[in-house]
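Chain residues, written in single-letter form:
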Amino acid sequence: MTAASAKARHADLAAQIRVHDHAYYVLARPTISDREYDRLYHELLELERQWPELVTPDSPSQRVGGAPLAEFRPVRHAQPMQSLDNTYSQAEVKEFVGRIQRLLPGEPLEWCVEPKIDGVAVSLRYENGRLAVAATRGDGTTGDDITANLRTIRSVPLVLAHPRSELASRSAPGGTAKTGEECRRPTQGDLFGAGAAGGAGQAGPIPRVLEVRGEVFLGKAGFARLNEEREALGEEPFANPRNATAGSLKQLDPRIVAARPLDIVLYGLGHVEGVRAPATQIELLDWLRALGLRTPQPRWLCRSLDELFEAIASLEGQRRDFAYQTDGAVIKLNSVALRARCGSTSKAPRWAIAYKYAAEQAQTRLNAITIQVGRTGALTPVAELEPVFLSGSTISRATLHNEEELRRKDIRLGDWVVIEKAGEVIPAVVGVVLERRNGHEKQFEFPRSCPECKSKVSRGSVLGEAGVVWRCVNPDCPAKIRGRIEHWCSRGAMDIEGGGEVLVAQLVRNGLVRDVADLYRLRLDELAALERMGEKSARNFLAAIEASKRRELSRLIFGLGILHVGARVAKSLARRFATLDDLMRAGQEHLTATEDVGEIIAASVYQWCSDAENRRLIERLRKAGLSFESTAFQAGSGRGPFAGKSFVLTGTLPTLTREQATAKIEALGGRVSGSVSKKTDFVLAGADPGSKLAKAQKLGVRIIDEAEFRRLGGAG
Ligand code: IVH
């Protein structure tokens, strides 16, 4: 065999194997026998043994990569990965639809309903049709690079389906089309989306860049098998398929992942280049399917509330028979153009919502109620339960939320209670089984002092919160101190390895640390003298503390534990302010002009920064040598024609999508915010603008169109 014919034969075998993999793993319609498939696969391996140069990264033989990784590389998503808001009743779905109708007056609305797969969100990036990167969601902006792990999943194509002509010409040179027919390879109709609603299902050109989002999951059978194997090996079984999936994707050794029967479904787009993205969700699903990707099935196109309810009910009737776990239905506005006009909140788009099916419930005895004191001093009652098995795990504790909740549900010690596990939330007590009362149940007296420090508790309303939560008023309450320090050390904040519950409790108990600034004064001798702490661990902990001094500003801001400032808001603040000092000085208006920051968050940040005690803390952190500079700072950096300028987008632009316009503004030094204020420099308006235009006119903010925007940006 010549090199040229080996190459041609290899290409043909690879194409055939891809087609069969697609038929088997994506369409679940195998077209050849396992033996026949093995024959093709071994011929390919044999060719690669003889001609090693044929081993390309996307050869079907290269699914399980080489050595285990030392760690996952961070990957920035070209477009952030969002989550979904949840609803639990028809009334809430109706409200959601009403909201969208008000946002889009007069528009006839169409919806796509899909199963909500209970797995782990991932983003795949294909470049010129080849799988380039696979990443976890992470914090939505940056995830972990899990490409090696995702490559082991057979329903993840390493190469996207080619348009008809290309595939045909690929098999031609070796003259092996006949072999293909003998192997009963699926018709191209299968590969290009037969069964998908509407159209011939041709993929069209392959996008230069395709970021596609979906869910990795373990099927019910695969999960059961995996747990049996683990138990046989004496290992701890996984609590549920989602934990097993998450645990699998965290493996640094792809060979372990390859042994887990993971699967994928893709339902959304991120960044796309080189083709026009589909105009509707239904078209998107068909397109993805035509590209060889597995999409959620079944899905419904609905035009009214009644049709939505029908689809939701129909899915609920079927879902128990699905091969994988679903926990709800996802309702998405079908039209992509209309979605852009709805926008999104800091976590989720406004144009989609999840309808969660009722969670599985169980009954058990309430043995005791304990009170937990959190870092904000909130007293949370916790139910100590007779252990009971529910949806895959044993439950012995559940949250009771607050005193009002206890009263409202009339929960008494010794009661039989109904508990449920709704998705990922901690199990909750939903109510009492009155018929099982025997008269010996006792009322629980909610404490009127902090169980931790015996100080007074109060429940005045806190910013943005009704006054139902009792809080310990003592700023020096050890539970609060511990909570604040644990939060500071946590992975999402300053990421100080070793600073977990046990050590932090020890540090506080021994009077070594009272606030986060004290961490930076810890000495080796006093640490090493702690119980169960050797010199080596003490040194490691000190090194971790030292390393935290150089963390990005957003982590520091998050670590401060300011009410309502989560990781995402902290990031926005670090983009908006060049240094912590700028943030400390900022007025409320300045704060509200920050992305993701509304009135309540702004007031909370402002209050925190005005507090003398907090200001002293910041000074001590400065003296300890922590970096207050924001590396993420974008505006006013002095570069780019839009440096320091803030933009608000409204309406549909003639050529740029919202995302493209945002990317341009940011690349040129400016920033985009969600709402118009006096601080807004420009409102970039297109067709059918929303109320933002009127507001801009009222405030006298400069309004520009796309042409002027391009001129100002110095581009054509
Ligand atoms: S769409 C911007 N569709 O559920 C909208 N999500 O609870 C992004 N999920 O983060 C999500 N099935 O990880 C969408 N058919 C589906 C889904 C789905 C499962 C996951 C996804 C999302 C989470 C929200």
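For the structure itself, look to the data block above.
Quick caveat, the model's predicted, so the values are computed rather than measured.

Okay, the overall build of the protein chain next. A tally of helices and strands in the protein chain yields 27 helices and 22 strands. Expressed as a percentage of its 716 residues, the buried residues of the protein chain come to 48%. If you take every contact in the protein chain between residues at least 6 apart in sequence, the share linking residues at least 24 apart comes to 68%. Only carbon and sulfur atoms are counted for the fraction: they give 50% of the accessible area of the protein chain, which is about 34300 Å².

As a further point, take the pairing of strand β13 (residues 379-390). Alignment of strand β12 (residues 361-373) against β13, held across seven bridges, turns out to be antiparallel. Residue Ile 369 lies in a different strand from β13, and its bridge partner there is Ala 383. Where β12 folds back onto β13 in an antiparallel hairpin, the turn is made up of five residues, including Gly 377, whose phi is positive at roughly 85°.

Here the focus is the sheet that holds strand β3 (residues 111-117). With mixed pairing, five strands are arranged side by side in an open sheet as β2-β11-β10-β3-β9. Single-partner strands in this sheet number two, and they are β2 (86-87) and β9 (300-302). By the bridge criterion, seven bridges tie β3 to strand β10 (residues 326-333) in an arrangement that is antiparallel. Along β10, the bridge assignment pairs Pro 115 with Ala 329. Here helix α3 (residues 90-103) sits on the sheet and contacts β2, β3, β10 and β11 (352-356); the angle it forms with β11, its principal contact strand, is near 175°. The sheet strands contacting helix α12 (residues 305-318) are β3, β9, β10 and β11, and the helix crosses β9 at an angle near 160°.

Turning to the layout of surface pockets, a few remarks are in order. By volume, the second largest pocket is sized at about 1100 Å³. Lining the second largest pocket we find 33 residues, and of these Pro 475, Arg 484, Trp 608, Asp 611 and Asn 614 sit closest to its centre. Going through the elements one at a time, β18 (471-472), α15 (478-489), α23 (599-610) and α24 (612-623) are the ones with two or more residues in the lining of the second largest pocket. Per-element accounting of the lining of the second largest pocket gives the leading share, six residues, to α15. Here the lining of the second largest pocket is composed, by residue class, of 14 nonpolar, eight polar and 11 charged.

Turning next to the nonpolar core. Buried together is how nonpolar side chains tend to be arranged in soluble globular proteins. By size, the foremost hydrophobic cluster in this structure holds 53 residues, and its most contacted members are Trp 488, Ile 496, Leu 507, Leu 519, Leu 573 and Leu 621. In terms of residue count, the dominant contributor to this core is α23 (five residues). If near-sequence neighbours (up to four positions away) are discounted, Trp 488 is found in contact with Ala 493, Met 494, Asp 495, Ile 496, Val 516, Leu 519, Tyr 520, Leu 556, Gly 559, Leu 560, Leu 621 and Leu 626. Counting 35 residues, the second-largest nonpolar core is a separate cluster that includes Ala 134, Leu 226, Phe 238 and Leu 291.

Turning our attention to the packing of aromatic side chains. In this structure the tally under the stated criterion is 12 aromatic pairs. Between Tyr 24 and Tyr 25 the ring centres are 4.7 Å apart and the planes differ by 70°, which places this aromatic pair in the edge-to-face class. Where Phe 322 meets Tyr 324, the ring centres are 5.8 Å apart and the plane angle is 50°; that geometry is what we call tilted. Three or more aromatic residues joined by ring pairs make a cluster, and in this case those are Phe 642, Phe 647, Phe 682 and Phe 709. Positioned above the aromatic ring of Trp 351, the side-chain terminus of Arg 339 is 4.0 Å from the ring centre. A cation sits over an aromatic face here: Arg 576 above Phe 577, 5.9 Å from the ring centre.

Next up on the list: the pattern of salt bridges. What the rule picks out here adds up to 46 salt bridges. Here Arg 448 makes a salt bridge to Glu 403, at a shortest N to O gap of 3.0 Å. Of this pair, Arg 448 sits in the loop between β16 (428-432) and β17 (457-458) while Glu 403 sits in helix α14 (residues 403-409), placing them 45 residues apart in sequence. Owing to a relative accessible area of 45%, Arg 448 belongs among the partly exposed residues under this scheme. Across the salt bridge formed by Glu 404 and Arg 459, the nearest N and O atoms sit 3.9 Å from each other.

About the thresholds
Residues numbered from 1 in each chain as written. Predicted model: local features only at pLDDT ≥ 70, side-chain atom pairs only at ≥ 80, totals over all residues. Heavy atoms only, no water. Helix = DSSP H or I, 4+ residues; strand = E, 2+ residues; numbered from the N terminus. Buried < 20%, exposed > 50% of the residue type's maximum accessible area, 1.4 Å probe, protein only. Contact = heavy atoms within 4.5 Å. Areas by Shrake-Rupley, 256 points an atom, 1.4 Å probe, with all protein chains shown as cover. Pairing = 2+ DSSP bridges. Axes fitted to C-alpha atoms, helices over the stretch in contact; angles between N-to-C directions. 1 Å grid on protein atoms, 1.4 Å probe; cavity = no way out; pocket = protein on both sides within 12 Å on 5 of 7 lines; lining within 4 Å. Points joined across faces, edges and corners; volume = space filled by probe spheres on them. Nonpolar A, V, L, I, M, F, W, Y, C, P; charged D, E, K, R; others polar. Core = buried A, V, L, I, M, F, W, Y, C linked by side-chain atoms within 4.5 Å. Phe/Tyr/Trp six-rings, centres within 6.5 Å; stacked < 30°, edge-to-face > 60°. Lys NZ or Arg CZ within 6 Å of the ring centre and 35° of its normal. Salt bridge = Lys/Arg side-chain N within 4 Å of Asp/Glu carboxyl O.

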